[in-house]
Every structure is written in structure tokens, then in C-alpha cells.
Amino acid sequence: MPVLKVYPHEIIVTTTTGGTDGYTDEEGYYHKGTEGKTSTQKIACQAVPSTTPNNVITYDDGDQVEYSYSVLLDRNCREFIRGENVTLNLLNGVSHNLTVKDFYRYQSNAKLWV
């Protein structure tokens, strides 16, 4: 008997840590910075495209942003930060590079708007 996957899609988060920026010294010579360590994390999810005309999030300060997908995640997933870049891979092989608009952790799952 086939089993239905609750989270058939995946979100890929790439983070870089530990690098230093380049700088120009007092004599005007540029010194190249060092590259950081890049890590990739794949997280199972269920992406639902926004099909309503009211696909807008209103922040506490009154700013409004539009989102393309609402994404359901497991309750124990990592914390997402507004403005973070993620890649959403759908079942049909299509992938979208998106920006996190908002993140909220509910009692039984978490929701991400991108």
C-alpha cells in the first residue's frame, strides 16, 4: 500500500560562515579577504502556491509584502530569518530561488512565507 508523503517538497538553505571581508590598508593596497565555510541544509516541506489576490503579509510596523508560497514544515525545523534566501524544489523538478518573508512556529507545525 503506497504511503502519502506529508512533506513532498524540499527547501534548501545555503549558509556561509567564518569568512572575512577584503580591506584597503592606509597605503591604498587592497588585501583580499578569506572565504568562509559553506554548508547546505535540505528540509522536507509542503509548498502551497498563493492563488488568492490577498497574498499579502502585514508586519507590525505596517509594511506589507507579497508572498508566492506558504510552506508547511515540521515543528522541530530550524528558525528562519526574514530576508534569508532559500531554494524551493517542487515535485515536478521546478526550483525557485525565493526570499523568506515571514516565519511562525505553531503548536503542531511551522509555517514559512516566501
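From a predicted model like this one, the values you see are computed outputs, not experimental measurements.

Caption draft 1: Representation of the overall build of the protein chain within the structure. Along the backbone of the protein chain there are 0 helices and 11 strands. Scanning the protein chain from its N terminus toward the C terminus, one meets helices and strands in the order β-β-β-β-β-β-β-β-β-β-β. Expected size for 114 residues packed as a compact globule is a radius of gyration near 13 Å; at 18 Å, the protein chain overshoots this value by more than 25%. Considering the protein chain as a whole, with its 114 residues, one finds that 28% of them fall into the buried category. Of the contacts formed within the protein chain by residues at least 6 apart in sequence, a portion of 54% connects residues at least 24 apart. Of the roughly 8200 Å² of accessible surface on the protein chain, 47% is carried by carbon and sulfur atoms. One way to put it: in the protein chain the 10 positive side-chain charges average out to a point 13 Å from where the 14 negative ones average out.

Caption draft 2: Region of interest: the pattern of salt bridges. Enumeration over the complete set of coordinates arrives at 3 salt bridges. Among the ionic pairs, R78 bridges to E84, the shortest N-O distance being 2.9 Å. One salt bridge in this structure joins R82 and D102, with 3.7 Å as the shortest N-O distance. Of this pair, R82 sits in the loop between β7 (69-74) and β8 (85-89) while D102 sits in strand β10 (residues 102-105), and the two are 20 residues apart along the sequence.

Analysis parameters
Residues numbered from 1 in each chain as written. Predicted model: local features only at pLDDT ≥ 70, side-chain atom pairs only at ≥ 80, totals over all residues. Heavy atoms only, no water. Helix = DSSP H or I, 4+ residues; strand = E, 2+ residues; numbered from the N terminus. Rg over C-alpha atoms; globule rule 2.2 N^0.38 Å. Buried < 20%, exposed > 50% of the residue type's maximum accessible area, 1.4 Å probe, protein only. Contact = heavy atoms within 4.5 Å. Areas by Shrake-Rupley, 256 points an atom, 1.4 Å probe, with all protein chains shown as cover. Lys, Arg positive; Asp, Glu negative; His and termini not counted. Charge placed at Lys NZ, Arg CZ, Asp CG, Glu CD. Salt bridge = Lys/Arg side-chain N within 4 Å of Asp/Glu carboxyl O.

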